[in-house]
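What follows is each chain in one-letter form.
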Amino acid sequence: MVLRYTAPKGTRDVLPSEAEIWQQLEGLFHSLAELYGYREIRTPIFERTELFLRGLGEVTDIVQKEMFTFTDRGGRSLTLRPELPAGTVRAFLEHNLAEEGPVCKFRYFGPAFRQERPQAGRYQQFTQYGVECFGSRDPASDAEVIDLAMAFLERAGLAAVELRLNSIGCPICRPAYRSRLLAYLTARVGELCPLCRERMEKNPLRILDCKSPSCRAVVAAAPLTVEHLCPACAEHFAAVKDYLTSLGRSFILAPHLVRGLDYYTNTVFEVVAPGLGAQDAVIGGGRYDGLIETCGGPPTPGVGFAGGLERLLLALAAAGAGPREKRVPLVFLAPLGAAPKELAVRLAHEMRTTGLRVDLDYRSRSLKAQLREADRQGARVVVILGEDELARGKAALKWLDGGGQEEIDLSVLVAYLREKTCSE
Ligand code: HAM
């Protein structure tokens, strides 16, 4: 029996019909982030496991259940990156990039891997685009990062999104809050879902954004992080909100938003889009003033976000929006006979070197069949090369967009096609 291979579960192929939209969104993200001063960094897709254990926090769902971890032949434990900030921090420290300036701003775009149960909008390999700003504690940096996230979604064509914002405090105010929360939850532990009962000991804050109805009912009356911020954290949060307001970015206060990674301090945010079901977060991010130190660096504040490209595409499709295909017009060469075919092969080469998009059918078929093929490929113009035309040093052009037919001297053909198709 012949095996029919399929892509591993939780992964997806980007087919040629989708690739252009991907390229457009990737290009848009890079050019916009560049305007905001975020320079591109590309780090390996795997790192030493230790980096993620320390960076993301050993009690997070990602570290406990979702990492693709393997041992190399030298017995070292490696992990496919479940997100990109940890690797960015590692590279920042390894290459002493702090020497380049007090504030270093990075952007990235690439695959991430999590062993989550696949469902709509949730994959085991997905693509994250994002930015990280290291070295600034200023609330204006939080607002800048959020403004960039929103500007990107807007420019991508996703208008109806909701920005949810919260502050979860710092190592000074959080312990007291944690104790109060624990005391509250302990009294109602019987009503929590089994997972949250496990979380009680190690990560009670995470219970705040559990989706199970019984936990939601419990946390509805739970003490909130924003009500227990120390004066510095309260001031920081107020300033982030003021900056966002002055940038015209509306937000919804989400006092139960804590996010799934341990490294966050102060600002946390998520952008959700309609029509995505349970996996509705298209972007998530926040401030992480302790992460760089946890990863072995000097105390350095940081703030950033990441979004999933696959989810953005789903959200755009649900909204009937998104960038349009913008392909360079196609010139199709249709040679009729052996000598014209030889010329066509050379012409195609020459035309492509001048930037024209050119294709031809090597199967030496009838004019009718070649015209059908040109039409199927959406060609703008067909260059018909027959023995007769060649003998007169001419080519016949048939414009498939209704522009009729004409004869052109072969000597000016390339320049003429460039002028007609590349000026759009
Ligand atoms: P996150 O919320 O885990 O945060 O992921 C960010 C975004 O990546 C999500 O909002 C979602 O769009 C996408 N995403 C996450 N998991 C999946 C999945 N299994 N399948 C498809 N898309 C997914 C982080 O990763 C943080 N590192 C964000 C950050 C950067 N915070 C500061 N800097």
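Just so you know, these numbers come straight off a predicted model, no measurement behind them. (Residues numbered from 1 in each chain as written. Predicted model: local features only at pLDDT ≥ 70, side-chain atom pairs only at ≥ 80, totals over all residues. Heavy atoms only, no water.)

Some remarks on the overall build of the protein
Secondary structure assignment for the protein yields 15 helices and 16 strands. For the protein, long-range pairs separated by at least 24 residues make up 67% of all intrachain contacts whose partners lie at least 6 apart in sequence. When the accessible surface of the protein is split by element, carbon and sulfur atoms take 53% of a total near 21000 Å². (Helix = DSSP H or I, 4+ residues; strand = E, 2+ residues; numbered from the N terminus. Contact = heavy atoms within 4.5 Å. Areas by Shrake-Rupley, 256 points an atom, 1.4 Å probe, with all protein chains shown as cover.)

Some remarks on the pattern of salt bridges
Enumeration over the complete set of coordinates arrives at 26 salt bridges. Residues Glu-18 and Arg-12 are paired through a salt bridge, measuring 2.7 Å at the closest nitrogen-oxygen approach. Classification of Arg-12 by relative accessible area gives partly exposed; the value is 33%. For Asp-72, the salt bridge identified is with Arg-76, shortest N-O distance 3.1 Å. (Salt bridge = Lys/Arg side-chain N within 4 Å of Asp/Glu carboxyl O. Buried < 20%, exposed > 50% of the residue type's maximum accessible area, 1.4 Å probe, protein only.)

Some remarks on the sheet that holds strand 9 (residues 265–272)
What links the strands of a sheet is backbone hydrogen bonding, and the strands pair in either a parallel or an antiparallel sense. Spatial strand order, 1-5-6-11-10-9-7-8: eight strands in an open sheet with mixed pairing. Looking at the sheet topology across the chains shown, the edges are occupied by strand 1 (39–40) and strand 8 (252–253). Pairing of strand 9 with strand 10 (residues 281–287) involves six bridges; the strand directions are antiparallel. Across the sheet, the residue bridging to Thr-265 is Arg-287, located in strand 10. Packed onto the sheet, helix 5 (residues 139–156) meets strand 5 (104–113), strand 6 (125–134), strand 7 (162–167), strand 9, strand 10 and strand 11 (302–308) and runs at close to 15 degrees relative to strand 11. (Pairing = 2+ DSSP bridges. Axes fitted to C-alpha atoms, helices over the stretch in contact; angles between N-to-C directions.)

Quick look at the side chain of Asn-266
Counting through the fold element by element, Asn-266 comes out in strand 9. Judged by relative accessible area, Asn-266 falls into the buried class, the value being 6%. Those residues within four positions of Asn-266 in sequence are excluded, and the remaining contacts are Asn-166, Ser-167, Ile-168, Gly-169, Cys-170, Cys-233, His-236, Arg-287 and Asp-289.

Observations concerning the environment of Leu-148
With respect to the helices, strands and loops of the structure, Leu-148 is situated in helix 5. Between the alpha carbons of Leu-148 and Thr-225 there is a distance of 26 Å; along the sequence they are 77 residues apart.

Remarks on the domain arrangement of the protein
As a measure of interface size, the accessible area lost when the parts come together is often cited. If you check the domain split of the protein, you get domain 1 (16–173 + 229–319) and domain 2 (330–419). Relative to domain 2, the C-alpha centre of domain 1 lies at a distance of 49 Å. (Domains from an automatic or database assignment.)

Section: the environment of Pro-301
The topology assignment puts Pro-301 in the loop between helix 10 (291–294) and strand 11. Among the residues examined, Pro-301 registers a relative accessible area of 9% and is labelled buried. Along the backbone, Pro-301 and Asp-289 are twelve residues apart, and their C-alpha atoms lie at a distance of 3.9 Å. Leaving out residues up to four positions away in the same chain, Pro-301 has contacts with Cys-133, Phe-134, Gly-135, Ser-136, Arg-137, Arg-287, Asp-289 and Ile-292.

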